[in-house]
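Tertiary structure, described
If you want the building blocks of each chain, they are given just below.
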Amino acid sequence: MTESGPLENMLAQMEQAREYVDIDDGIFERLKSPERTLSVSLPVRMDDGSVEVFDAYRCQFDSARGPYKGGIRYHPNVSEEEVSALAGWMTWKTALVDLPFGGAKGGIVCNTKELSDNEVEQLTRRYTEGIRRMIGPETDIPAPDMNTDERTMAWVMDTYSVYQGYAVPEVVTGKPPEIGGTDGRVEATGRGVAITTEETFEYFDTDVENADVAIQGFGNVGSVTADLLTERGANVVAVSDVSGAIYDPDGLDIEDVQAYVESNDGRLEGYDAEAISNDDLLTLDVDALIPAAIEDVITVDVAERLEADVVVEAANGPTTFDAAQILQERDVPVVPDILANAGGVIVSYLEWVQNSQQYSWDVEEVNRDLRQRLTSAFDEMLGAYEARDIPTLRTAAYTIALERSADAHEYRGLFP
Ligand code: NAD
């Protein structure tokens, strides 16, 4: 059986929430498709003198509530369909946590492991040139995503600024603090996942101290989540990356794992612990499973065998639509991605606000604001879940996001 891809998944999630909200049919129809997607071909001179052409996209899904906001992903699987789904999820995420943003996403079809630093820089600058007419501090503000980081955002900011003739730090978020980035942004998504996991444990009466957690993906989001949950007393019993998974029933020494990965070209492979497969990790009997890698990893097959008490979605779209139905039937709660990983966009918002005011806050203030916004969105989701008798946390989150987005369209009306 072929399971739905990310775009079908997102549209089906919207349809499920529809029966619980009162939205005009025309507006709902409008919310189902992106406003625009730009597709660009990027010729890049490679280190050996040859020219290679890369396909890339920027999708702007909706801007009724404010400028488009969303990351840029470098991955061989990037496609127009994938960026559209991710841009839609950004729209629902910014609405759910009530930021004055819409949603967007961009991506380049490439494998960064096969490119030199210089080639990644050339590709990034050419991509920025390709999309520069559609981005800007008041229109569309990119940020990092898979395989892009502070360094990448610095190149985007520099290329855009060169065309403008002056520095425009607020055109991207997730920059290095030296050029206008905010302290706390690098850790923000993982910190948000850790806060959401703690809140979830509290709601389901599970003590975070000694709770067993398994995390798929040990990149920016997964490793920070592992670190902060360990700090709170949880046992991170398994983590994984593309090279495989490691397991210790007594809890892994996350600092040691991080040090190993740094010294091993970013890979977990070879770490001194029991090696298991990514599939084994997803089906471990733990208090919380946190997928923090890519989309569509919790398939029907995995959902039928999953033994975690709760799933906290750190990655975007890690559960297929069909798998989510099975988890619902099996009474396994799933804390949806649009809430669980919203810490990144919340702190991106705080970075953009600081840039706009030309003022900077200390990391304590940033983290306090992040916690406050995320926990109040969590409470709102629970409020809708209980008061409206909605079957899943995801559908409850969608009702809030769709209502806010539809209200914005309703008030603004149609032009012309
Ligand atoms: P990253 O590139 O830093 O890390 C990704 C990790 O996933 C790596 O450890 C990689 O080896 C692993 N991985 C990739 N494919 C895998 C597979 N098939 N099986 C197991 N592991 C695999 O990326 P990130 O920034 O940590 O993003 C992870 C997820 O979180 C993505 O879905 C992204 O969209 C989402 N997200 C990220 C942010 C952010 O601020 N970085 C914000 C919101 C959501």
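All figures in this text were calculated on a predicted structure; none of them were measured in a lab.

Each value, and the rule that gives it
- Residues numbered from 1 in each chain as written.
- Predicted model: local features only at pLDDT ≥ 70, side-chain atom pairs only at ≥ 80, totals over all residues.
- Heavy atoms only, no water.
- Core = buried A, V, L, I, M, F, W, Y, C linked by side-chain atoms within 4.5 Å.
- Buried < 20%, exposed > 50% of the residue type's maximum accessible area, 1.4 Å probe, protein only.
- Helix = DSSP H or I, 4+ residues; strand = E, 2+ residues; numbered from the N terminus.
- Contact = heavy atoms within 4.5 Å.
- Axes fitted to C-alpha atoms, helices over the stretch in contact; angles between N-to-C directions.
- Parallel < 35°, antiparallel > 145°, perpendicular 65-115°, else oblique.
- Nonpolar A, V, L, I, M, F, W, Y, C, P; charged D, E, K, R; others polar.
- Patch = residues over 30% accessible without salt bridge, like charges linked within 9 Å, V, L, I, M, F, W, Y side chains within 5 Å.
- Areas by Shrake-Rupley, 256 points an atom, 1.4 Å probe, with all protein chains shown as cover.
- Salt bridge = Lys/Arg side-chain N within 4 Å of Asp/Glu carboxyl O.
- Lys, Arg positive; Asp, Glu negative; His and termini not counted.
- Charge placed at Lys NZ, Arg CZ, Asp CG, Glu CD.
- Domains from an automatic or database assignment.
- Buried area = accessible area lost by both parts, 1.4 Å probe.
- Near = heavy atom within 4 Å.
- Polar contact = N/O pair within 3.5 Å; in protein donor to acceptor, adjacent residues only side chain to side chain.
- Pairing = 2+ DSSP bridges.
- Right-handed = clockwise from strand over helix to strand, strands pointing away.

Burial of nonpolar side chains together is a common tendency in soluble globular proteins. Ranked by size, the top nonpolar core spans 86 residues in total, and within it Trp92, Val239, Val257, Tyr398 and Leu402 carry the most contacts. The greatest single-element share of this core, amounting to nine residues, is contributed by helix H3 (residues 80-96). Ignoring sequence-local partners within four residues, the contact set of Tyr398 consists of Met10, Gln13, Met14, Ala17, Trp89, Trp92 and Ile338. Among the nonpolar cores identified, the runner-up in size contains 25 residues, and Leu115, Met134, Ile135 and Val171 belong to it.

This next bit is on the packing of H3 against helix H15 (residues 393-412). The packing of two helices is summarised by the inter-axis angle and the distance between the axes. The geometry of H3 relative to H15 is characterised by a closest axis approach of 8 Å and an angle of 90 degrees between their N-to-C directions. In this view, H3 runs roughly perpendicular relative to H15, as classed from their interaxial angle. Of the residues in H15, those in contact with Trp89, Thr91, Trp92, Ala95 and Leu96 of H3 are Ala397, Tyr398, Ile400, Ala401, Leu402, Arg404 and Ser405. Looking at the contact of H3 with H15, its residues break down into nine nonpolar, two polar and one charged.

The next subject is a negative patch on the surface. There is a patch of like negative charges on the surface, built from Asp183, Glu187, Asp362, Glu364 and Glu365. The residue Glu365 is located in helix H14 (residues 363-387) in this model.

Moving on, we get to the domain arrangement of the chain. Each domain of the chain was delimited in the assignment, giving domain 1 (34-170) and domain 2 (187-340). Computed from C-alpha coordinates alone, the two centres of domain 1 and domain 2 are separated by 27 Å. Here domain 1 meets domain 2 over a buried area of about 830 Å², counting both sides, of which 62% is carbon and sulfur. Considering only the surface of domain 1 that becomes buried against domain 2, Trp89, Lys93 and Leu96 emerge as the three largest contributors, covering 51% of it. Inspection of the region where domain 1 meets domain 2 yields one salt bridge. In this structure, Arg73 and Glu295 form a salt bridge, with 2.6 Å as the shortest nitrogen-oxygen distance.

Moving on: the site of the ligand. Lining the immediate environment of the ligand, one finds 22 residues, of which Arg73, Asp145, Thr189, Val221 and Asn316 sit closest. Note that an oxygen atom of the ligand is positioned 2.9 Å from one of the backbone N or O atoms of Asn220. With respect to the ligand, the side chain of Asn316 contributes an N or O atom lying 2.8 Å from an oxygen atom. Isolated, the ligand exposes 840 Å² of accessible area, and the fraction of that covered by the protein chains is 85%. Of all the secondary-structure elements, those providing two or more residues to the shell around the ligand are helix H6 (185-203) and helix H7 (220-231). Taken together, the residues that form the shell around the ligand break down as nine nonpolar, nine polar and four charged. When residues of the shell around the ligand are assigned to domains, at least three fall in each of domain 1 (34-170) and domain 2 (187-340).

Quick look at the sheet that holds strand E12 (residues 334-335) now. Sheet architecture is open: seven strands sit in the order E9-E8-E7-E6-E10-E11-E12, paired in mixed fashion. A strand with exactly one partner marks an edge of an open sheet, and here the two such strands are strand E9 (274-276) and E12. Note: strand E7 (residues 235-241) against strand E8 (residues 244-247), four bridges, orientation antiparallel. Bridge pairing in E8 places Val239 opposite Ile246.

So, on to the pairing of strand E6 (residues 212-216). Across the five residues of E6, four count as buried, placing the element largely inside the fold. At this point the chain moves from E6, through H7, to the parallel E7, and the crossover so formed is right-handed. Where E6 meets strand E10 (residues 288-291), four bridges bridge the pair, whose relative direction is parallel. What sits directly across from Gln216, in E10, is Pro291.

Relative to the helices and strands, Thr399 is located in helix H15. A relative accessible area of 0% means that Thr399 is categorised as buried. In this structure the side chain of Thr399 is engaged in a polar contact, spanning 2.6 Å, whose partner is the backbone oxygen of Ala396. Apart from residues no more than four positions distant in its own chain, Thr399 is found in contact with Ala17, Tyr20, Val21, Ala384, Arg388 and Ile390.

Take the environment of Arg267 next. Along the chain, Arg267 turns up in the loop between helix H8 (254-263) and E9. Residue contacts for Arg267: discarding those within four places in its chain leaves Asp241, Val242, Ser243, Tyr260 and Val261.

Turning next to the pattern of salt bridges. Summed over the entire model, instances satisfying the criterion amount to 25 salt bridges. In this structure, Lys32 engages Glu15 in a salt bridge whose closest nitrogen and oxygen atoms are separated by 3.5 Å. Of the two residues, Lys32 is situated in the loop between helix H2 (25-31) and strand E1 (36-45) and Glu15 in helix H1 (residues 6-18); the sequence distance between them amounts to 17 residues. A cluster of three or more residues bridged by salt bridges with shared partners is formed by Arg73, Glu82, Lys105, Asp145 and Glu295.

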